[in-house]
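# A structural walkthrough
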Amino acid sequence: METEALERPADLTIWRTVPATSPLAQPERYGTLREAIAAAAGALADPAKQPWIITEEGEILSPNWIRTYLN
């Protein structure tokens, strides 16, 4: 991934892996991909949550991609 891509906007959606009473997941827009990854890191701590990011270029970043990037 190019360094410039980390400074572009991205959408983070956190899906639940267990049934929830809350409404369906809604994407949240972040000013930079770095911010979206940081927010996703918190969700990864909960096994019932699966964060997915869509970059401004349309690239889909899975929970496994996010974990690998953070490590």
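Relevant structure appears above.
Keep in mind that this is a model prediction, so the values were computed, not measured.

As a further point, take the nonpolar core. Judged by nonpolar contacts, L6, A10, L12, Y30, L33, A36, I37, A40, L44, I53, L61 and I66 together constitute the single largest core of 12 residues. If you list the elements that add at least two residues to this core, you get β1 (10-16) and α1 (33-44). When residues in this core are grouped by element, the largest group, 5 residues, is from α1.

Examined against the element boundaries, W65 turns out to sit in helix α2 (residues 63-70). Taking the C-alpha atoms as reference points, W65 and A41, 24 residues apart in sequence, are found 11 Å from one another.

Below, the discussion takes up the packing of α1 against α2. Between α1 and α2, whose axes approach to 10 Å, the crossing angle comes to 105 degrees. Classed by the angle they form, the pair α1 and α2 counts as roughly perpendicular. Packed against α1, whose contacting residues are R34, I37, A40, A41 and L44, the element α2 presents P63, W65, I66, R67, Y69 and L70 at the interface.

In this section: the side chain of T55. Within the fold, T55 resides in strand β3 (residues 49-55). A relative accessible area of 7% means that T55 is categorised as buried. Ignoring anything within four residues of it in the chain, the contact list for T55 reads P9, A10, L33 and L61.

Per the counting criterion, the structure on display carries 1 aromatic pair. Here the aromatic rings of W65 and Y69 are separated by 5.3 Å at their centres, their planes lie at 5 degrees, and the arrangement is stacked. Of this pair, W65 and Y69 are both found in helix α2, 4 residues apart, which corresponds to roughly one turn of the helix.

With that out of the way, let us pick up the pairing of β1. Bridging between β1 and strand β2 (residues 28-30) involves 3 bridges; their strand directions are antiparallel. Paired with A10 across the strands is Y30, a residue of β2. Relative to β3, β1 is paired through 7 bridges, and the arrangement is antiparallel. Looking at β3, one finds that I14 is bridged to P51.

Criteria and cut-off values
Residue indices follow the written sequence of each chain, beginning from 1 at its first position. Local features in a predicted model are, by the rule used here, given only for residues with pLDDT of at least 70; side-chain atom pairs are given and counted only at 80 or more, and totals for whole chains, interfaces and linings are based on all residues. Excluding hydrogens and water, the side-chain figures rest on all heavy atoms present in the structure. Throughout, nonpolar core names a set of buried Ala, Val, Leu, Ile, Met, Phe, Trp, Tyr and Cys residues whose side chains join them through atoms within 4.5 Å. Any residue under 20% of the maximum accessible area for its type is buried, any over 50% is exposed, and the rest in between are partly exposed; the area is computed with a 1.4 Å probe on protein chains only. In this text, helices come from DSSP runs of H or I with a minimum length of four residues, and strands from runs of E with a minimum of two, each type numbered from the N-terminal end. Geometry is summarised by axes, namely lines fitted to C-alpha atoms with helices restricted to the contacting stretch, and by angles between N-to-C directions that run from 0 to 180 degrees. Here the word oblique covers every angle except those under 35 degrees (roughly parallel), over 145 (roughly antiparallel) and from 65 to 115 (roughly perpendicular). Should any heavy atoms of two residues lie within 4.5 Å, those residues are counted as being in contact. Pairing of aromatic rings covers Phe, Tyr and Trp, the last counted by its six-membered ring, and requires centre-to-centre distances within 6.5 Å; plane angles under 30 degrees mean stacked, over 60 mean edge-to-face, and any other angle means tilted. Pairing between strands is defined by DSSP: at least two bridges between the two strands are required.

All we've got here are geometric facts, nothing functional implied.
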